[in-house]
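# Commentary on secondary and tertiary structure
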Amino acid sequence: MRRPSINGARRLLAPAAAAVLAGALLAAVPPAPAAAAPAAGASTPFTSYEAEAGTLGGGASTVSLTAAPTTQYSSPALEASGHAYVHLAGPGQRVQWTNNTGRPISALVVRASIPDSATGGGITATLNLYVDGAFRQALNLSSKQTWVYEGNNHYNDSSDQNPADGNPRVFFDEASTFVTGTPIAPGGTFALQKDAANTAAYYDIDVVDVENPPGPIAQPANSISITSCGAVADNSGVDSTGAIQSCINQAQAQGKILWIPAGTFYLKGTNGLQAQGITIAGAGPWYSTIYRAVPLPNNTPLGAVFQVTSCTVKDFHIDSNATSRATVDGAGGAMDTTGTNWVADDIWTQHTLSGFWASGTGGTVRNSRLTTIWADGINLNNVSLNNSVGNNLTATNNFVRGTGDDGMAINSVNYNTDGSGNRTYYTPMSNVSFTHNTVIAPWGGKGIGIYGGSGHDVEYNAISDTARYIGLGAGRFGVNGNDLLGATVNGNVVARSGGNGYNQGQPALHVGNGGDGQNVGVVDRVTVTNNTVVDALYDGVGFSTSTNTQLQNNTVTSPWRNGIVVAPPFYPAPSGSAAITGNTVTGLRAGASAYLNNSGGFAATLSGNSWQGGGPVEAPYGGTPAAIPGTVQAENYDTGGQGLAYNVTSVNGTGNAYRSDGVDLEATSDTGGGYNLGWTSAGQWFRYTVNVATAGAYTVSARVAAPSAVTGALHLADASGANLTGAVNIPATGGWQTWTTVTATLTLPAGRQILTLAQDNAGWNINSLQFTAGGGTTPTNLAAGRPTAESSHTQVYASSNVTDGDQGSYWESANNAFPQWVQVDLGASRQATRVVLQLPASWGARNQTLTLQASADGSSFATVVASATYTFSPASNNTVTITFPAATQRYWRVTISANTGWPAGQVSEFQVWNQ
């Protein structure tokens, strides 16, 4: 999906640096009960101030994510912590905070974005810091290590720096500085302001970390300073690599500590530093820095800055000049570690390929900061430095922000394959612990990924603001990863997570195989308890194929799609089992469900959950679903209460004599009398359980009243949130009780289902909805913009291209591996009569042998049109139409068994039409 399997040369990972309490993250989480377990997240020496929580001045504005992404690409809001930032675009615009830490502030870390240069490669610019209203100093910001582009077939490529390709990503970098002059006193104010001297076109401010670091640590006894071997501080023209390695060799021979004094020491070549069995210590991460400054462009694959075995490393900073994830741009790891009982303590890492890539037995990463890393932050594995085990490893109290792959990962590799096809096998990992870590805003991976092994413990971590992918996932990585045979996931907070990478609408918390795009392997005995999932960008919790999962006493609050879902889009669960007990789902949006099981083969046992025995239950009003064809009275919305059967922003109405929760009901003067729904407001919704006699097209006639015309007043949606009618306009009727009829058309499957009446704009009343069979269905491509899946793809030619509306982009499967397939998920069973397939209009003619299949559940497919050969010709715009008798299905799949134009399956547009 996001990255290749871990083979040969390995590295797919990233480091990071900087700091923050999880205050802003946890502010959105409901308070814990009195006897709650310890709070989630790391305890850090700094406090984070989100820009959007500051006081704006001079015309500054806040930009925030207000809806789930509809594109697979990035944006500054998606990559920002809190999914929000402050935009400074003109002189005098500022954002200000008050120092309420109770202690002086003498150092700042500013996470901000400034524009790229016109031709790529970035710029530098200053931004002014004011203290108590007076100018204090200019801060130096840069975009030289941000801004890569994904357009022009570079999706998920973290190395293209050509602005002409479009679709940028990697917006934010972090700049650290000491405050000049007197520290900012408790109760004082500090502000970031764009003045005339600050020449960047704009400054997007995400967050500021503030602290009062202690002074430099003194050189310890029995140590050797790297300066005694010729290392030179603060001179970028001097390569200190050889001098530092010489001192390491002496420390090993003499049993001494290697000391890195205050200053920045540069590694100018492509060699890293190797050490074994010693302590390497600095004066503190604000004072001692090892900086890799590789001459660019670089053509030599880089090992990590430090390659250490059975060592203790502590109290220093690692940085580099890497400008992308590619070798040519200087990307190499920070710290490769293995051996026994190793320790990494208080290490601050930035701008390297990975932070910690660590294996061995009994090692610990603690109290460290990793920010602006090109790949993984902390990856504990069983392959680093040619080891084959990764047991009893620990990562605790670490802060990770802004990684280009997983913030943290337990990465159990089964085998790697060399260039000759030879496999090396590794011992499955066991008993790895991630506790009390904070992971914020990974722009290219999960927050925390658990990939294979057994006995792992992931507890009390705070994860937030993933840009594209799952927040916390328990599964297996790829075809060469180990199965996951036991893990505990407890007490974690996952906020504003999930994402639309590859147009997949990924869940915030996921259990099962397939989290990496490979639906393979065993995921068994994962216990998920007492976690809080808040403001998920799509589904709160998702299951793919997995067995014996315990999902117990978790809270899902205000997901932007559904609460808990078995087999959400792109995460099939044709088999599996789980006990789902005592979970609470609240704050559902229009058309959303607390729980869905989209698989006929996944055995889920439910008890005591909020949507059943453990809380209010949604049910049809009066106990019987309304019949379609027929009339649905607006006042007969489902029972179950706020957030389940309906969502209202205020309690109004006088219809309590009809039903005790008649929150928006009033007596109506419309024909037939009774009650109508009123007090409409954008964002409100009401759900109705119905029973549709026959699948097909229907006309819905709504009795409505409105003093003034309302454009886009309402729409009807199904249980998955799919808009069935499009926007419905209401004309002016002259009064709240002056009634008329408006109509729309929709297609419904047969059987019991839930329809949602969504109020999109205020100013109208509704009395009833009458459904009649047939009538004026508009030809519609039901697949437009819908999620997709595939058997495989090559390079960047993923299946998401087939529903993007662009005939020039395309899906291409792996070569020489027929048959291959691509499919689209319509979100609900919809009636269709034809499928239209396209290839890029400029391509030459070719024949493809195609089979059209469809499925209601995504696992059992029936053939709709048998295998036949179709010609794609430029003379017909490289378009093929496959017609068939009307069929109502959710998933539509084309299987390709031959192609005369290329040894792979190829489709640029996959359209499914309702007529």
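Our structure is the block above this text.
Cut-offs and rules
- Residues numbered from 1 in each chain as written.
- Predicted model: local features only at pLDDT ≥ 70, side-chain atom pairs only at ≥ 80, totals over all residues.
- Heavy atoms only, no water.
- Salt bridge = Lys/Arg side-chain N within 4 Å of Asp/Glu carboxyl O.
- Helix = DSSP H or I, 4+ residues; strand = E, 2+ residues; numbered from the N terminus.
- Buried < 20%, exposed > 50% of the residue type's maximum accessible area, 1.4 Å probe, protein only.
- Contact = heavy atoms within 4.5 Å.
- Pairing = 2+ DSSP bridges.
- Axes fitted to C-alpha atoms, helices over the stretch in contact; angles between N-to-C directions.
- Phe/Tyr/Trp six-rings, centres within 6.5 Å; stacked < 30°, edge-to-face > 60°.
- Core = buried A, V, L, I, M, F, W, Y, C linked by side-chain atoms within 4.5 Å.
- Polar contact = N/O pair within 3.5 Å; in protein donor to acceptor, adjacent residues only side chain to side chain.

## Examining the pattern of salt bridges
Applying the stated criterion across every chain yields a total of 16 salt bridges. For Asp483, the salt bridge identified is with Arg476, shortest N-O distance 2.6 Å. In this structure, Arg890 and Asp825 form a salt bridge, with 2.7 Å as the shortest nitrogen-oxygen distance. Note that Arg890 is positioned in strand E71 (residues 879-899) and Asp825 in strand E68 (residues 820-838), a separation of 65 residues in sequence. Relative accessible area serves as the criterion here: at 4%, Asp825 is assigned to the buried category.

## Quick word on the environment of Ala709
Mapped onto the fold, Ala709 is located in the loop between strand E60 (696-705) and strand E61 (710-717). With a relative accessible area of 56%, Ala709 lands in the exposed category. In this structure the C-alpha to C-alpha distance between Ala709 and Arg476, which are 233 residues apart in sequence, comes to 54 Å. Excluding anything up to four places from it in sequence, Ala709 contacts Ile730, Pro731 and Ala732.

## Some remarks on the sheet that holds strand E2 (residues 55-57)
As a general point, the strands of a sheet are linked pairwise by backbone hydrogen bonds and lie either parallel or antiparallel. An order of E2-E5-E12-E7-E8 is seen for the five strands of this open sheet, with the pairing classed as antiparallel. Of all strands in the sheet, those with a lone pairing partner are E2 and strand E8 (134-142), marking the two edges. Averaged over all pairs of adjacent strands, the angle between their axes in this sheet comes to 25 degrees, without regard to strand direction. Pairing of strand E7 (residues 124-131) with E8, which is carried by eight bridges, proceeds in the antiparallel orientation. Pairing of Thr124 across the sheet is with Ser142, part of E8.

## Description of the sheet that holds strand E49 (residues 564-566)
Spatially, the twelve strands line up as an open sheet ordered E17-E20-E22-E24-E28-E32-E37-E40-E43-E46-E49-E52, and their pairing is parallel. Each having just a single partner strand, strand E17 (273-276) and strand E52 (595-597) make up the two edges of the open sheet. Going from strand to strand, the sheet's axes swing by 10 degrees on average, the running direction of each strand aside. Of the pairings in the sheet, the one linking strand E43 (residues 509-511) to strand E46 (residues 541-543) comprises three bridges and is parallel in character. In the sheet register, Leu509 faces E46, and the bridge partner there is Val541.

## Considerations on the packing of aromatic side chains
On inspection of all chains with the given rule, the structure shows 27 aromatic pairs. Ring centres of Phe543 and Phe602 lie 5.8 Å apart, and the angle between their planes is 50 degrees; this geometry places the pair in the tilted category. Residue Phe543 is found in strand E46, and its partner Phe602 is found in strand E53 (residues 602-607); the two are separated by 59 residues along the sequence. Phe602 shares its class with Phe543; the two are buried. Seen from their ring centres, Phe884 and Trp892 are 5.3 Å apart, and the 25 degrees between their planes marks the pair as stacked. Look at Phe884 and you get buried, because its relative accessible area is 7%.

## Notes on the nonpolar core
The nonpolar side chains of a soluble globular protein tend to be buried, and buried together. Counting residues in hydrophobic clusters, the biggest one holds 83 residues, and the most contacted among them are Ile280, Phe306, Leu380 and Phe543. With five residues, the top contributor of residues to this core is helix H3 (residues 241-254). Formed by 36 residues, the second largest nonpolar core is a distinct cluster that contains Tyr637, Leu746, Ile766 and Phe771.

## A closer look at unusual backbone geometry
A cis geometry characterises the amide bond from Leu296 onward to Pro297, with omega recorded as 0 degrees. Here Pro297 lies in the loop between strand E19 (288-292) and strand E20 (306-309). At the junction of Phe818 and Pro819, the peptide bond is cis and its omega measures out at -5 degrees in the coordinates. Its place among the elements puts Pro819 in the loop between strand E67 (811-812) and E68. Non-glycine residue Arg525 carries a positive phi angle of around 60 degrees. In this model, Asn816 sits at a positive phi of 55 degrees, which is unusual for a non-glycine residue.

## Here we look at the side chain of Gln93
The residue Gln93 is located in the loop between strand E4 (84-88) and strand E5 (94-98) in this model. Given a relative accessible area of 13%, Gln93 falls into the buried group. Apart from residues no more than four positions distant in its own chain, Gln93 is found in contact with Gly57, Gly58, Gly59, Ala60, His87, Leu88, Leu192, Gln193 and Lys194.

## So, the environment of Asp206
Counting through the fold element by element, Asp206 comes out in strand E13 (residues 203-211). Separated by 157 residues in the primary sequence, Asp206 and Tyr49 place their C-alpha atoms 8.9 Å from one another. In this structure Asp206 touches Glu50, Ala51, Glu52, Ala80, Ser81, Ala84, Tyr85, Arg111 and Phe172, once residues within four positions along its chain are discounted. Polar contacts involving the side chain of Asp206 include one to the side chain of Ser81, which spans 3.0 Å.

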